[in-house]
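Survey of secondary and tertiary structure
Now for the letters of each chain:
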Amino acid sequence: MPTTNKEREIRIAQRRVEGFAQEFGEAHRNLARHAAFPLVLTPDLLYKIWANFVPEAPWTAVAHVLLSRLCRQVGYEMYEMDIADRNLLLRELKEEFGQERFDQLGEFLLDYVAQRLTDDDADMRDLREAQEWTALAYTKPDEVARELAQRLSERLQHDDMGEVLRLASLVETFAEALKEAGFELLLVYSRGIEIFARGDLEKAAEQFGEMLIRRSQIEIMGVSLPIPEQLKVTHRGYGYSYPFPARMMNALTLQWHDAGQDITQNIYEQQPSKNPGTVRIGRDPLRCDIIVSNPTVSGLHVEIFFNSQQQRFYIRNLRSPNPPLVDQQQLVQGELPLREGSIIKLGQMEVKVTAIAINSIPATILTLPIQAIDTNQSTRLPISQQPQVQIRYNQHSPASPPSAPGVYGLECPKCHKVSPLENLQVGCLWCGTSLAAAVSVLIMPNGGDHPQ
């Protein structure tokens, strides 16, 4: 029977933990078990964990844990463990000390956060919240499930996909605790919505599965979480050849090897991200959209963005002391264009650009009178005046640009009526739904067909 990626990760984690214990002894291993409880470690935090819970270990164990293969640095004096390593050590901690030790660590971590993480900048707020949720995940999972669901619901309503990605990453971090507490539905939803936020509607629909057919939303601890309408369209097979939002027409595909896995990731023009307009790569999950574990990669290393004027994807260096190599050229500052086949070296990790698609997704073609989509219109049309729309879904390869006159619009993912491009930030003229993920459509005047 073939080995799954999860089984491989567990085996690697077991070897890593056993190797650490053989090198330093069981007292060090015990400190590592306790160090796995917080989501992010600092020398000060781990020193206090040592003093309060594992004083039998030598004080040098603090440095041995942080500088071992069990931890990776993600920022200045900030470290984290791989999820597989962390889950293994937490299981050992519970077997050795029981739930009571989790409760003690949870109370300790909440007190530490309240006293030490007091700055009010955005990064510190995110870290404080993540550490608080960590303490609750293993002591009061019902409470953290409700808070995570509430926050996901709020961010989805505001189309804040960068924050949705961060929240989905946190849900995955707490996967074992949430699953044990019976919140597997939240895990399924979070994984699906993360894929949706990254723009892969087909995979997102597959992840949601039968939830799409049976429900318009799911409920977690009294919080309603919506199933995106455009996923239902994709799932039902309405004929979209390319089920991507209109703003994600230009795409770049990266491929690399990390933590024993071959990874492929698509990047789209203006896709939701933590730094709007760019996709950032590095080891820091709080600042990066694509997170890698290779220790030679910086916490925040590079960002990739699409230049609409040049119609090309570019890479920009964000870490001058550790500049990337792009096609054997060192990028100390500024940016360089990427091409299909480009090789990017981040530290010792090699990333290859395997594909670039520029304007390769054909617009859906509709026929209706041109006056039905007046770009100067500022109010919604009465229902009696709404135009009858005949939809022709393009099932063919991308065609050459039309030579006949026409108007591009945005098809609402909810009511499927068309609004002018100027309404992207305003919403649908008919139902008010956000058009951030609308499909680009070409309106042909006087019922004319798209020229072949």
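Residues numbered from 1 in each chain as written. Predicted model: local features only at pLDDT ≥ 70, side-chain atom pairs only at ≥ 80, totals over all residues. Heavy atoms only, no water.

Some details on the overall build of the protein
Tallying secondary structure elements over the protein gives 14 helices and 20 strands in all. Residues classed as buried in the protein amount to 49% of the 452 residues present. Nonlocal contacts in the protein, meaning residues at least 24 apart in sequence, comprise 56% of its contacts between residues at least 6 apart. Entry remark: accessible area of the protein is about 22000 Å², with carbon and sulfur atoms responsible for 47%. (Helix = DSSP H or I, 4+ residues; strand = E, 2+ residues; numbered from the N terminus. Buried < 20%, exposed > 50% of the residue type's maximum accessible area, 1.4 Å probe, protein only. Contact = heavy atoms within 4.5 Å. Areas by Shrake-Rupley, 256 points an atom, 1.4 Å probe, with all protein chains shown as cover.)

Points about the packing of helix 1 (residues 5-24) against helix 5 (residues 83-97)
Two elements in contact, helix 1 and helix 5, have axes separated by 8 Å at closest approach and are oriented at 65°. For the pair helix 1 and helix 5, the sense of crossing is right-handed. Within the contact between the two elements, helix 1 uses E9, A13, Q14, R16 and V17 and helix 5 uses A84, D85, L88, L89 and E92. Here the residues of the contact of helix 1 with helix 5 are counted per class, giving five nonpolar, one polar and four charged. (Axes fitted to C-alpha atoms, helices over the stretch in contact; angles between N-to-C directions. Left-handed = near helix turned anticlockwise from the far one by under 90°. Nonpolar A, V, L, I, M, F, W, Y, C, P; charged D, E, K, R; others polar.)

Looking at the sheet that holds strand 13 (residues 335-337)
Within the open sheet, the five strands sit side by side as 8-7-9-10-13. Their pairing is mixed. Edge strands, defined here as strands with exactly one partner in the open sheet, are strand 8 (290-291) and strand 13. Relative to strand 8, strand 7 (residues 279-282) runs parallel, the two sharing two bridges. Pairing of G282 across the sheet is with I291, part of strand 8. (Pairing = 2+ DSSP bridges.)

Considerations on unusual backbone geometry
Not every positive phi belongs to a glycine, and M221 is a case in point at roughly 50°. Summarising the element assignment, M221 is placed in the loop between strand 3 (217-220) and strand 4 (223-226). Phi is positive for D327, close to 50°, though the residue is something other than glycine. Its relative accessible area of 29% is what places D327 among the partly exposed residues.

Side note on the side chain of T173
Looking at the secondary structure, you find T173 in helix 9 (residues 161-173). Residue classification places T173 among the buried positions, given a relative accessible area of 10%. If we ignore the near neighbours within four places in the chain, the residues touching T173 are L39, I83, R86 and Y138.

Quick look at the pairing of strand 15 (residues 349-357)
In terms of strand pairing, strand 5 (residues 251-258) meets strand 15 through six bridges, oriented antiparallel. Looking across to strand 15, one finds that T253 is bridged to A355. Sheet topology places strand 14 (residues 343-346) next to strand 15; four bridges connect them, and they run antiparallel. The residue bridging L346 from the neighbouring strand is M349, located in strand 15.

Quick word on the packing of aromatic side chains
Following the criterion strictly, the structure yields nine aromatic pairs and no others. Considering the side-chain rings of F102 and Y138, the 5.6 Å spacing of their centres and the 90° angle between planes classify their relative orientation as edge-to-face. Pair noted here: F102 is in helix 6 (residues 99-116) and Y138 is in the loop between helix 7 (122-137) and helix 8 (141-157), with a separation of 36 residues, a long-range link. Grouping residues by exposure puts F102 and Y138 together as buried. For the ring pair F305 and Y314, a centre distance of 5.9 Å and an interplane angle of 15° mean the geometry is stacked. Comparing F305 with Y314 shows no difference in burial state: the two are buried. (Phe/Tyr/Trp six-rings, centres within 6.5 Å; stacked < 30°, edge-to-face > 60°.)

Thoughts on the environment of A57
Of note, A57 is situated in the loop between helix 3 (43-53) and helix 4 (61-66). For the pair A57 and H28, spaced 29 residues apart in the sequence, the C-alpha separation amounts to 6.2 Å. Beyond its immediate sequence surroundings of up to four residues, A57 is in contact with A27 and W50.

Quick notes on helix 7
Between the first and last C-alpha of helix 7 there are 22 Å, a value that for 16 residues agrees with the 22 Å anticipated at 1.5 Å per step. Counting buried residues in helix 7 gives twelve out of 16 residues, a clear majority hidden from the surface. Within helix 7 the residues assigned to the buried category are M124, D126, L127, R128, E129, A130, Q131, W133, T134, A135, L136 and A137. (Expected span 1.5 Å × (residues − 1).)

Thoughts on the nonpolar core
In terms of nonpolar packing, the biggest core is built from 80 residues, with L31, L46, L178 and L186 touching the most fellow members. Discounting chain neighbours no more than four positions away, the residues touching L31 are L46, I49, W50, V54, A61, V62 and V65. (Core = buried A, V, L, I, M, F, W, Y, C linked by side-chain atoms within 4.5 Å.)

A short note on the sheet that holds strand 15
Taken in spatial order, the six strands make up an open sheet running 6-5-15-14-11-12, and their pairing is antiparallel. Edge positions in the sheet fall to strand 6 (261-268) and strand 12 (329-330), since each has one partner strand and no second.

Focus on helix 12 (residues 201-208)
Buried residues of helix 12: L201, A204, A205 and F208, and no others. End-on, the buried residues of helix 12 take up no more than an arc of 100°, which puts them together on one face. Exposed side of helix 12, more than 90 degrees from the buried face: K203 and E206 are the residues found there. (Arc of directions from axis to C-beta.)

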